[in-house]
Amino acid sequence: MQGNTMLGKILSLCAAIVWGVSCTSHAPQIEALCLRDAIGNYVLKWETNPEIEGTVRISVSDDSERFEDKPVALTANIRDGVATYITNDNVTRKYFRLVFNEKYTRIVSARSSTMDNIQNFRDMGGYATGDGKIVKWGKVFRSGQLDALSREDSIRINELGIRTIIDLRTEWEAALHPTRYTNARIVRIPITVGETTDVIQRVVDGKMRKGDAQIFMEDEYLQFVTDNSDAFAQALQVFLDADNYPILFTCSYGKDRSGFLGAMLLTALKATRETILTDYLTSNQYISADHLMEMASCLSTEAQESITVFLTADEHLMDLAFRKIEKEYGSTEKYLSQGLRFDDNAQKRLRKILLYD
């Protein structure tokens, strides 16, 4: 498939690689991803190694685990490497089953869900673990706070069937920006780090420089490990009950507290560090500062730079947290079992719930 080497790199960087279970030892490696174009259509892309010829048949479903009764919606030549599913439906989330030559199956969806007033809403499905398993689509979502939902946003969350929302915000944040979605059980597990109100005032007053903001964020990530392991342990337990799914976990922007919980969840699923960091950094694609632009324009340059630090997922911060884990516990595996009380049995149970066979 000439000219598709770059596609392979993009697929890896997006961490939307879908490695299926091989039917034989000679099964091809197949990478696939799903994107949405500017008008909302789904663009499906794939690459095989070695290259194979034949046909890919594509079925579409609103349920990530129900394709048996769905007819083939698209048929394409495998060598084409791309197909587009045209739709004007921006409410119901679509999942796609790609069957190559009636032998090899991959399930994909778009990472991000279209939302009007929710920051950083995305699916954690499709990631590959270190042993070649795949995280199920449509089971775990992450996002920013749910305080300003449009009517369509509420319908979209309803369509996802969300049963449980884990809210990692503090009592102060939850009171100031209450969750506006009420059709799911809300589990409040506050992660408290630093004096947020004081920080906001310091930024507004121009008393927090970019370097100060960076130090504040570093302290926050260190405190995830030193001061908040019990809270994150409590959050992980929610994922062990199959009746809680689909689960959405949230914080203010779905970046830091949600980022660390997502990292620990993927660690328990035995994802590679590269995959964990890719998921974490994906927040930078889906966080918008537009709602802050008018306010920020009235602030000093130093204040604007500090705000940028607070809104950016920085690989250095997650690396810092992992280094702290390794220093305090010796390894991430020991941190899971000792610091987060998530032992081998819990990890096996989680993998059974969240990974495709």
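Here we summarise the structure given alongside this text. In this text, all values refer to a predicted model and were calculated from it rather than measured experimentally.

The rules behind the values
Residues numbered from 1 in each chain as written. Predicted model: local features only at pLDDT ≥ 70, side-chain atom pairs only at ≥ 80, totals over all residues. Heavy atoms only, no water. Pairing = 2+ DSSP bridges. Helix = DSSP H or I, 4+ residues; strand = E, 2+ residues; numbered from the N terminus. Axes fitted to C-alpha atoms, helices over the stretch in contact; angles between N-to-C directions. Parallel < 35°, antiparallel > 145°, perpendicular 65-115°, else oblique. Left-handed = near helix turned anticlockwise from the far one by under 90°. Contact = heavy atoms within 4.5 Å. Nonpolar A, V, L, I, M, F, W, Y, C, P; charged D, E, K, R; others polar. Buried < 20%, exposed > 50% of the residue type's maximum accessible area, 1.4 Å probe, protein only. Polar contact = N/O pair within 3.5 Å; in protein donor to acceptor, adjacent residues only side chain to side chain. Salt bridge = Lys/Arg side-chain N within 4 Å of Asp/Glu carboxyl O. Expected span 1.5 Å × (residues − 1).

The next point concerns the sheet that holds strand β1 (residues 29–36). Taken in spatial order, the 3 strands line up as β1-β2-β5 in an open sheet, and their pairing is antiparallel. In this open sheet, the two strands that pair with only one neighbour each are β1 and β5 (82–85). Across the sheet, the axes of successive neighbouring strands diverge by a mean angle of 20°, strand direction being ignored. In this structure, β1 lies alongside strand β2 (residues 42–49), joined through 8 bridges in antiparallel fashion.

So, on to the packing of helix α7 (residues 257–268) against helix α8 (residues 273–281). Packed helix pairs are characterised by how far apart their axes lie and by the angle those axes make with each other. Close contact between α7 and α8 brings their axes to 9 Å; oriented N to C, the two are set at 155°. Regarding the angle of α7 to α8, the classification is roughly antiparallel. Like other packed secondary-structure pairs, α7 and α8 cross with a definite hand, here right-handed. Residues G259, A263, L266 and T267 of α7 form the contact with α8, whose own contacting residues are I276, D279 and Y280. When grouped by side-chain class, the residues that make up the contact of α7 with α8 number 4 nonpolar, 2 polar and 1 charged.

In this section: the pairing of strand β12 (residues 247–250). Neither face of β12 is exposed, since I247 and F249 on one face and L248 and T250 on the opposite face are all buried. As paired strands, strand β9 (residues 140–143) and β12 are joined by 4 bridges and run parallel to one another. From the neighbouring strand, F141 faces β12, where its bridge partner is L248. The sheet contact formed by strand β10 (residues 164–167) and β12 spans 4 bridges and is parallel. Note on β12: the bridge partner recorded for I166 is F249.

Spatial strand order, β8-β9-β12-β10-β11: 5 strands in an open sheet with mixed pairing. Two strands close off the open sheet at either side, each with one partner strand: β8 (122–123) and β11 (185–188).

Take the environment of D241 next. Within the fold, D241 resides in the loop between α6 (229–238) and β12. C-alpha separation for the pair D241 and L350, spaced 109 residues apart in sequence, amounts to 8.8 Å. Within the structure, D241 has its side chain in polar contact with the backbone nitrogen of D243 (distance 2.9 Å).

One pass over the structure, following the stated rule, counts 22 salt bridges. A salt bridge links D153 to R156, with the shortest nitrogen-to-oxygen separation between them at 3.1 Å. Residue D153 and its partner R156 are both found in helix α2 (residues 151–160); the two are separated by 3 residues, about one turn of the helix. In this pair, the class of D153 matches that of R156, namely buried. Its salt-bridge partner being D167, residue R169 comes within 2.9 Å of it at the nearest N-O pair. Summarising the burial analysis for this pair, R169 and D167 share the class buried.

Tracing the sequence through the fold places N101 in the loop between β6 (95–100) and β7 (104–109). Among all residues touching N101, those that are not within four sequence positions of it are I52, E53, G54, T55 and I78. Within the local environment of N101, its side chain forms a polar contact with the backbone oxygen of E53, the two atoms lying 2.8 Å apart.

This part takes up α7. The end-to-end C-alpha separation of α7 is 17 Å, in line with the 16 Å expected for 12 residues at 1.5 Å each. Every buried residue of α7 is accounted for by R257, S258, G259, F260, L261, G262, A263, M264, L265, L266, T267 and A268. Phi for K270, located one or two positions after α7, is positive at around 70°.

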